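Coordinate analysis (summary)
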Amino acid sequence: MKIGESIHQALKNIVSSKMRAFLTMLGIIIGIAAVMVIVGFGNGMENYMKDQFESMGTNTLTVTINGRGSSRSVSEDDMYQIVEDNSEYLDKISPTVSVSSTVKIDTETLDSTSVTGVNEEYFSIKDYGISDGRALQYLDMVNRQRVCVVGAYIAQEYYADDAVGQKIRIGGNKFTIIGVLNQQVDEMEEGSTDDMILLPYTTAARVLSAGTISNYTIMLTSEDFETDGKAAIEDALYSIFESEDAYRITSMSEMLEMMTSMTNIIIAIMTAIAGISLLVGGIGIMNIMLVSVTERTREIGIRKALGAKERFIMTQFVIESAVISAMGGLIGIAAGYGISAIATQVVGAVLDVSMTIVPSAASVVIAFGISVAIGILFGYLPAKKASRLNPIDALRYE
Amino acid sequence: MTSIISFHSVSKHYQMGDTLVKAADDISMEIQPGEFVAIVGRSGSGKSTCMNIIGCLDVPTIGEYLLNGENVGTLNKNQLAEIRNRMLGFIFQQYNLLPKLTVLENVEVPLMYAGLSKAERRQKAMEALEMVELSDKLINMPNQLSGGQQQRVSIARALAGNPAIILADEPTGALDSKTSRDVLGLLQELQKSGHTVVLITHDNSIAVTAERIIRLEDGCVVYDGLSDAPEAVVISQSIMEGGTQS
Ligand SMILES: Nc1ncnc2c1ncn2[C@@H]1O[C@H](COP(=O)(O)OP(=O)(O)OP(=O)(O)O)[C@@H](O)[C@H]1O
Ligand SMILES: [Mg+2]
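Rules of the game
Residues numbered from 1 in each chain as written. Chains lettered and ligands numbered in written order. Predicted model: local features only at pLDDT ≥ 70, side-chain atom pairs only at ≥ 80, totals over all residues. Heavy atoms only, no water. Phe/Tyr/Trp six-rings, centres within 6.5 Å; stacked < 30°, edge-to-face > 60°. Buried < 20%, exposed > 50% of the residue type's maximum accessible area, 1.4 Å probe, protein only. Near = heavy atom within 4 Å. Polar contact = N/O pair within 3.5 Å; in protein donor to acceptor, adjacent residues only side chain to side chain. Areas by Shrake-Rupley, 256 points an atom, 1.4 Å probe, with all protein chains shown as cover. Helix = DSSP H or I, 4+ residues; strand = E, 2+ residues; numbered from the N terminus. Contact = heavy atoms within 4.5 Å. Buried area = accessible area lost by both parts, 1.4 Å probe. Salt bridge = Lys/Arg side-chain N within 4 Å of Asp/Glu carboxyl O. Nonpolar A, V, L, I, M, F, W, Y, C, P; charged D, E, K, R; others polar. Axes fitted to C-alpha atoms, helices over the stretch in contact; angles between N-to-C directions. Parallel < 35°, antiparallel > 145°, perpendicular 65-115°, else oblique. Left-handed = near helix turned anticlockwise from the far one by under 90°. Expected span 1.5 Å × (residues − 1). Arc of directions from axis to C-beta.

Once that is clear, we can look at the packing of aromatic side chains. In this structure the tally under the stated criterion is six aromatic pairs over all chains. Between Tyr 122 of chain A and Tyr 128 of chain A, the aromatic rings sit 6.1 Å apart at their centres with planes inclined by 70 degrees, giving edge-to-face as the arrangement. Considered together, Tyr 122 of chain A and Tyr 128 of chain A belong to a single accessibility category, that of buried residues. On the basis of an interplanar angle of 5 degrees and a centroid distance of 5.7 Å, the ring pair of Phe 90 of chain B and Phe 92 of chain B is categorised as stacked.

What follows is the structure, encoded as structure tokens:
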């Protein structure tokens, strides 16, 4: 008796009661589909974040100065000097001053617009191009000019793409728009990268009293020097502050790693929850197999009378259970792909993020393996029961 | 020549609460290869009990059963299954065909357990079905056949593996007299082709088909002899007393 024939018989039995087989599979289908979608979602999220971080530049470091544990301080000139001293690794630097003042165009308040004070290097660090007017320049810094560069969204939304020369009020001060950035993301929207205002960091620090300059974005000469560049800055800052708590240097890849491990934890928890459905599905299969053994008591008796060994009866039921579960698994995998495709569309439409939710090939193989394993595991007990039936009692069973 | 079926003081007891039911009580008998024997008796006399033991579906509580010289009591479940498959062909009153399999597939089942290849199985199953004249019903499902046809399928299944012994428990119990005669005719043919046939029935008129009758009463053998002897079919106290010889 070959496995192939047992599978054939199992399929025959399943086909003869399709509805019941389907309902039995449902738990497995849902469980497998859920796991597939969740894993796909995790992959999509990871890729999306990777893209995002890459677009922000993986060749940059962020330095945050808080001066904790030290009475010394660091000026932007000190920072510039550090970059200059380590020109082998460090290319450019720009302070970044977050401004939380309200932004107004005429009487309209722009709530979601991000306002940042930067220097003239920031544009090349971030690879921002100018579509209209000009970028910020060194003199704007020196003179604390009340000028700004706006994102493409603002130019389009409020000025009908004719923003240069117009006025905008930030924290009650009138600023002149001198330039417009290239469009950064495909779909411009409130709160997106294109909804942004850049102004001289000197102006931001003094005029808008955004406080001391404590954040810097530094561009590396090459991605490969991330560790070296970071170490160089660390050394320099430590020699000034003599405390490791006074500053923090983060690289984009570190942040990406952190975010990824965080999403991985979330995905793992969600997968575990979806896994419960697989457990329930397995119990469902066991239940229906026990019913099936009872219903087929007479058949088992006949087969035993005709010379079936216990091992054969056992194999037949285990295989039947495995086949049901495996079919559930396959349907679940297909459903998982379908739902992932739909979810990709929905996420794209609702959240306006182009994130592709796609189950990995490995997860397909694993999902199939798991569903077969569940079938075997939960089919074992009913199969054992079937194989142990006394042939005489089984034959007498009505 | 060794007996193919040999009972040495076989008893089968069931404990039902306080009472001990002696379904088979100290039965001794010898059946030679190629014999056609009918085991007869009233309901509850122990016929099926004997059949189960002969068929290696059950083992005696006391006593020994030798099948072709081999003590069945010493065999494990797997070995019993193998013996059932190789040595015994069962024919049941209720046909006991597998309802989800076609006629041909039903006949193939014991051959499958014997480990035959698909082609061999098909070949032997077709031959068996030809012998019972059902070659035109190969792909029918059992429930598409008449009772007599179903019983012929089960006969084909019993003989397909060419077992030494054919065991038939009330094979005509659910059939009309004409079909019954056909089935009994088939059993006689099987005997002619060299099988040992054991027919179990409560019906004397059917039992006489066999050459030899073993009559049971309350688990004991009360007659064992030729079927054409007058005392073989007459049930009376006097004969019962006189017939306890074996
Ligand atoms: N599993 C069992 N447990 C208890 N008693 C049993 C069992 N099997 C059989 N018996 C008893 O043993 C006796 C013989 O039973 P058996 O089935 O051999 O009779 P039978 O001659 O085949 O009867 P019938 O013609 O009705 O089929 C009966 O009294 C029956 O009640
Ligand atoms: Mg009986």
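Back to the write-up after that little detour.
Here we come to the site of ligand 1. Residues and elements named next belong to chain B. In the vicinity of ligand 1 there are 13 residues, among which Ser 43, Gly 44, Lys 47, Ser 48 and Thr 49 approach most closely. In the model, an oxygen atom of ligand 1 is placed 2.5 Å from a nitrogen or oxygen of the Ser 43 side chain. Gly 46 places a polar main-chain atom, nitrogen or oxygen, 3.0 Å from an oxygen atom of ligand 1. Here ligand 1, which alone exposes 630 Å², has 67% of that area covered by the protein. Of all the secondary structure elements, the ones that give two or more residues to the shell around ligand 1 are β1 (5-16), β2 (19-31) and α1 (47-54). Residue contributions to the shell around ligand 1 peak at three residues, all from α1.

Here we come to the interface of chain B and chain A. Contacts between the two partners involve 24 residues from chain B, matched on the other side by 23 residues from chain A. Buried area between chain B and chain A, summed over both chains or domains, comes out near 2,200 Å², and the portion from carbon and sulfur atoms is 55%. Considering only the surface of chain B that becomes buried against chain A, Leu 57, Lys 100 and Tyr 113 of chain B emerge as the three largest contributors, covering 26% of it. One can count four salt bridges joining chain B with chain A. Across the pair Glu 310 of chain A and Lys 77 of chain B runs a salt bridge, and its minimum N-O distance is 3.1 Å. Where chain B meets chain A, there are nine residue pairs in polar contact (both at pLDDT 80 or more). At the level of secondary structure, the elements contributing two or more residues to the side of chain B that touches chain A comprise α2 (77-87) and α3 (103-113) of chain B. At six residues, the largest contribution of residues to the side of chain B that touches chain A is made by α2 of chain B. Residues belonging to the side of chain B that touches chain A are distributed by class as follows: 11 nonpolar, five polar and eight charged.

Here we come to the packing of helix α11 (residues 310-350) of chain A against helix α12 (residues 361-388) of chain A. Residues and elements named next belong to chain A. Contact geometry for α11 and α12: axes closest at 6 Å, N-to-C directions at 150 degrees. By the angle between their axes, α11 is roughly antiparallel relative to α12. In the packing of α11 onto α12, the handedness of the crossing is right-handed. For the contact of α11 with α12, the class distribution of residues is 19 nonpolar, seven polar and three charged.

Quick look at unusual backbone geometry now. Although it is not a glycine, Glu 242 of chain A sits at a positive phi angle of roughly 55 degrees. Tracing the backbone shows Glu 242 of chain A in the loop between α8 (226-241) and β13 (247-251). A positive phi is found at Glu 133 of chain B, a non-glycine position, where the angle reads about 60 degrees. You can see Glu 133 of chain B is positioned in the loop between α4 (118-131) and α5 (147-160). With a relative accessible area of 62%, Glu 133 of chain B lands in the exposed category.

Our focus in this paragraph is the environment of Ile 130 of chain A. Residues and elements named next belong to chain A. Tracing the backbone through its elements, the reader meets Ile 130 in strand β7 (residues 130-133). Taking the C-alpha atoms as reference points, Ile 130 and Gln 345, separated by 215 residues in sequence, lie 32 Å from one another. Excluding anything up to four places from it in sequence, Ile 130 contacts Phe 123, Ala 135, Val 149, Val 180, Leu 181 and Asn 182.

Attention now goes to α8 of chain A. Residue and element names in this part refer to chain A. Taking 1.5 Å of rise per residue, the 16 residues of α8 would be expected to cover 22 Å, and the 22 Å separating its terminal C-alpha atoms lies within 8% of that figure. Taken together, the buried positions of α8 are occupied by Glu 226, Gly 229, Lys 230, Ala 232, Ile 233, Ala 236, Leu 237 and Phe 241. The buried residues of α8 all sit within an arc of 160 degrees when viewed along its axis, so they share a single face. Facing away from the buried side of α8, by more than 90 degrees, are the exposed residues Thr 227 and Asp 235.

Such coordinate-based values are descriptive only and should not be taken to indicate function.
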